[in-house]
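# A look at the structure
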Number of protein chains: 2
Amino acid sequence: MTASLAVDVMGGDLGPSATLPACRALLDGHAQCRVLLVGQPEVMQPGLDLHGLSGHPRVEIVPASEVVTMDDSVEIALRRKKDSSMRRAIELVKDGKADACVSSGNTGALMAVARYVLKTLPGIDRPAIATYLPNITGSGTLMLDLGANVDCLAEHLLQFAVMGTAFAAAGGHANPRVGLLNIGEEIIKGNEMIKQAGELLRQAHVEGRLNFLGNVEGNDIFKGTADIVVCDGFVGNVALKTSEGLAQMLSGMIRQEFTRGPLSRLMALAALPVLRRFRRRVDHRRYNGAALLGLRGLVFKSHGSADAFAFQQAMERAHEAAEGRVVQEIERILAALHTHRPRPSSQQSMAG
Amino acid sequence: MTASLAVDVMGGDLGPSATLPACRALLDGHAQCRVLLVGQPEVMQPGLDLHGLSGHPRVEIVPASEVVTMDDSVEIALRRKKDSSMRRAIELVKDGKADACVSSGNTGALMAVARYVLKTLPGIDRPAIATYLPNITGSGTLMLDLGANVDCLAEHLLQFAVMGTAFAAAGGHANPRVGLLNIGEEIIKGNEMIKQAGELLRQAHVEGRLNFLGNVEGNDIFKGTADIVVCDGFVGNVALKTSEGLAQMLSGMIRQEFTRGPLSRLMALAALPVLRRFRRRVDHRRYNGAALLGLRGLVFKSHGSADAFAFQQAMERAHEAAEGRVVQEIERILAALHTHRPRPSSQQSMAG
């Protein structure tokens with residue numbers, strides 16, 4: 001398959017100076033891949049020339065006159081900036097001209113515009129945000145939802161497991177193992193919603209639709225106990241930000257200790273190759289690129305502060321998902337689940 | 001004030017070989033402190049002799065014939081082992097013979113027995129588990145609840161804030177700043193329960209009862225943005241275990257990198273003093289000792305695998321809380337809150 005990616009060239013703190021070199025690197029790495037560069041032509045031009053993208057046989061320029069800034073409200077992104085690079089990139093996915101799109105624009109705006117333009121898949125009540133986190137095995141743990149849904153029902157967590165399974169399979173995890181984030185391994189642990197979600201997931205496992213491991217705990221995320229960890233968006237967001245905070249504190253402390261006086265600096269110098277190797281291994285840029293799953297098209301969110309390397313990682317994820325036909329795979333698993341039980345929304349109205 | 005601590009000498013993986021040297025160190029560090037050593041006399045005797053605790057003027061031996069093991073169910077701890085060292089230690093608090101008790105026994109059993117023996121304070125619906133986590137400022141962030149309550153109402157989070165304020169004040173945080181764990185700083189963020197909790201906390205702040213900062217996010221825990229972070233027990237437990245998992249992964253990776261071949265080992269050797277300083281700073285044993293707050297007496301839970309140093313830290317927390325008269329302080333803040341509004345349980349029945 002020849003994947004086409006639509007790129008919001010203007011998004012993020014760095015704009016074209018990060019996105020364009022990333023596009024070039026992706027094109028060089030994937031001989032079949034095509035890229036649609038969406039943005040203000042006059043702003044993009046110097047970068048297009050610099051990175052040999054002008055006239056590139058697998059590049060198409062798609063003009064968009066506006067840019068959604070990091071501070072723009074959902075309202076502005078949705079109602080006012082109808083010719084934004086973000087929106088045009090998503091529309092290319094809707095129109096079938098691109099298989100996935102990637103933007104560093106602000107999360108709220110991207111989710112709102114993506115939902116409005118693409119709509120959710122039948123059988124999916126709410127889209128979710130999924131990203132890989134590092135684990136000790138090196139394979140990465142896919143976690144969702146990370147903040148799109150702050151009040152989930154059990155059925156939503158089942159849907160997240162379906163979306164995660166399709167996405168992780170595209171990322172090379174065959175028959176990926178799903179863990180339910182809980183506060184203990186035993187079935188009786190957790191609140192009512194979690195226990196219900198556990199039942200739905202076990203049922204899907206018995207039916208052979210999902211590979212459900214059972215409950216996992218917070219520490220399992222980094223152990224790689226499961227390939228996919230599902231949770232409601234409130235819990236997922238707290239876990240993600242807590243991890244970011246701890247990683248920042250620890251790296252800050254390492255830096256402080258290695259710069260405490262000339263002797264420590266000398267020791268740091270001596271240990272530099274090892275420290276560099278460690279830093280490369282935990283480099284958060286390698287995990288850049290969150291998938292907005294559950295929509296009728298693939299949308300990827302890159303961190304707003306992403307540099308070219310980080311943005312390229314998000315593009316790699318998008319490319320992988322496009323090649324793995326993740327949307328169709330989600331639909332396939334959902335259809336298999338639903339031949340055995342009523343539509344999920346009935347569950348919602350029961351609990352609502 | 002002369003604080004008396006009841007110690008479950010038998011609890012934890014190491015039993016007397018961890019608890020007794022810790023008791024000795026505490027006695028040496030606090031010239032007024034008294035310790036009541038609860039356990040099987042014949043098992044304790046060698047350690048008592050070894051650490052100079054036999055006949056120590058500030059030590060009392062309290063015999064208990066049974067031990068609650070790490071695997072004992074709540075049922076067994078509560079109904080069958082009525083003469084356990086854990087239970088006897090808690091009873092000493094109830095009878096006013098000790099100001100606080102410390103146990104490394106299993107959390108479920110300790111919470112159940114403590115609740116049964118001591119009961120909750122008037123105005124407190126549910127006890128909570130609180131512990132300090134490290135932060136970059138070095139002051140420690142108190143976090144609660146960490147898993148005692150998996151389905152919280154807004155009013156419970158207010159109660160956690162009250163308990164946390166009393167405990168943090170005893171730990172030297174004057175007028176401690178309370179943060180509400182959420183997924184964004186804005187008031188409109190979070191689920192309904194969290195938004196209601198925010199309103200209750202703001203009201204308590206306006207009335208001058210609590211020092212409420214507003215919402216904090218996961219990364220703020222390690223930044224030290226707030227002195228106290230309140231959350232429901234499900235979220236708190238996930239955040240805590242996620243942090244533990246990440247810290248384990250990172251330290252495992254550092255170890256791997258520094259032992260990858262003879263050259264790396266040499267570099268590790270060169271950097272050893274700095275690595276040791278770093279390790280000391282983030283040593284999780286320093287943060288050992290979780291408070292079970294909201295009961296009519298002080299109970300502290302030490303990690304089951306605690307060594308003597310770690311157990312001593314839990315005892316220091318207990319000592320600090322006893323000297324700070326945390327139970328009375330919780331009662332005082334609650335009384336001040338309740339002169340302005342109805343009993344919290346009315347809130348519960350409304351939402352229930």
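All values derive from a computational prediction rather than experimental measurement.

## A short note on the packing of helix H4 (residues 85–94) of chain B against helix H5 (residues 107–118) of chain B
Residues and elements named next belong to chain B. Two elements in contact, H4 and H5, have axes whose closest approach is 10 Å; the angle formed by their N-to-C orientations is 35 degrees. When the axes of H4 and H5 are compared, the crossing they make is right-handed. Along its contact with H4, which presents Met86, Arg87, Ile90, Glu91, Val93 and Lys94, the element H5 presents Ala109, Leu110, Val113, Ala114, Tyr116, Val117 and Leu118.

## A word on the domain arrangement of chain A
Residues and elements named next belong to chain A. The domain boundaries assigned to chain A delineate domain 1 (4–123 + 288–330) and domain 2 (128–284 + 331–351). The gap between the C-alpha centroids of domain 1 and domain 2 is 24 Å. At the junction of the two partners, domain 1 supplies 23 residues and domain 2 supplies 24 residues. Interface area, domain 1 with domain 2, both sides summed: about 1,900 Å², of which 61% is carbon and sulfur. If you look at where domain 1 meets domain 2, you find 1 salt bridge. The partner of Arg332 in a salt bridge is Glu329, and the shortest N-O contact between them spans 2.8 Å. Taken together, the connections running from domain 1 to domain 2 amount to 13 residue pairs in polar contact (both at pLDDT 80 or more). At the level of elements, helix H5 (107–118), strand S10 (290–293), helix H12 (308–323) and helix H13 (326–338) are the ones that each hand at least two residues to the side of domain 1 that touches domain 2. No other element matches H13, which puts 5 residues into the side of domain 1 that touches domain 2. Taken together, the residues that form the side of domain 1 that touches domain 2 break down as 13 nonpolar, 7 polar and 3 charged.

## Remarks on the relation of the copies chain B and chain A
Between the two copies, chain B and chain A, the superposition gives an RMSD of 0.0 Å; the rotation angle is 180 degrees and the shift along the axis is 0.0 Å. Here the symmetry operator amounts to a two-fold rotation axis. Taken as a fraction of all interface residues of chain B, those also at the interface in chain A reach 100%, which identifies the copy contact as same-surface.

## Structural notes on the interface of chain B and chain A
Many descriptions give the size of an interface as the accessible area lost when the pieces come together. Facing 50 residues of chain B, the contacting portion of chain A comprises 50 residues. For the pair chain B and chain A, the summed buried surface comes to about 4,800 Å²; carbon and sulfur atoms form 74% of the total. When the area that chain B buries against chain A is broken down by residue, the three leading residues are Ile183, Phe234 and Arg281 of chain B, summing to 14%. Our count for the chain B to chain A interface comes out at 6 salt bridges. Residue Glu257 of chain A is joined to Arg277 of chain B by a salt bridge in which the shortest nitrogen-to-oxygen separation is 2.6 Å. Our count for the contact surface shared by chain B and chain A stands at 12 residue pairs in polar contact (both at pLDDT 80 or more). At the level of elements, helix H7 (192–206), helix H8 (220–223), helix H9 (233–258) and helix H10 (262–282) of chain B are the ones that each hand at least two residues to the side of chain B that touches chain A. Of the residues forming the side of chain B that touches chain A, the biggest block, 19 residues, is contributed by H9 of chain B. Residues belonging to the side of chain B that touches chain A are distributed by class as follows: 27 nonpolar, 14 polar and 9 charged.

What counts, and where the lines are drawn
Residues numbered from 1 in each chain as written. Chains lettered and ligands numbered in written order. Predicted model: local features only at pLDDT ≥ 70, side-chain atom pairs only at ≥ 80, totals over all residues. Heavy atoms only, no water. Axes fitted to C-alpha atoms, helices over the stretch in contact; angles between N-to-C directions. Helix = DSSP H or I, 4+ residues; strand = E, 2+ residues; numbered from the N terminus. Left-handed = near helix turned anticlockwise from the far one by under 90°. Contact = heavy atoms within 4.5 Å. Domains from an automatic or database assignment. Buried area = accessible area lost by both parts, 1.4 Å probe. Salt bridge = Lys/Arg side-chain N within 4 Å of Asp/Glu carboxyl O. Polar contact = N/O pair within 3.5 Å; in protein donor to acceptor, adjacent residues only side chain to side chain. Nonpolar A, V, L, I, M, F, W, Y, C, P; charged D, E, K, R; others polar. Least-squares fit on C-alpha atoms with pLDDT ≥ 70 in both.

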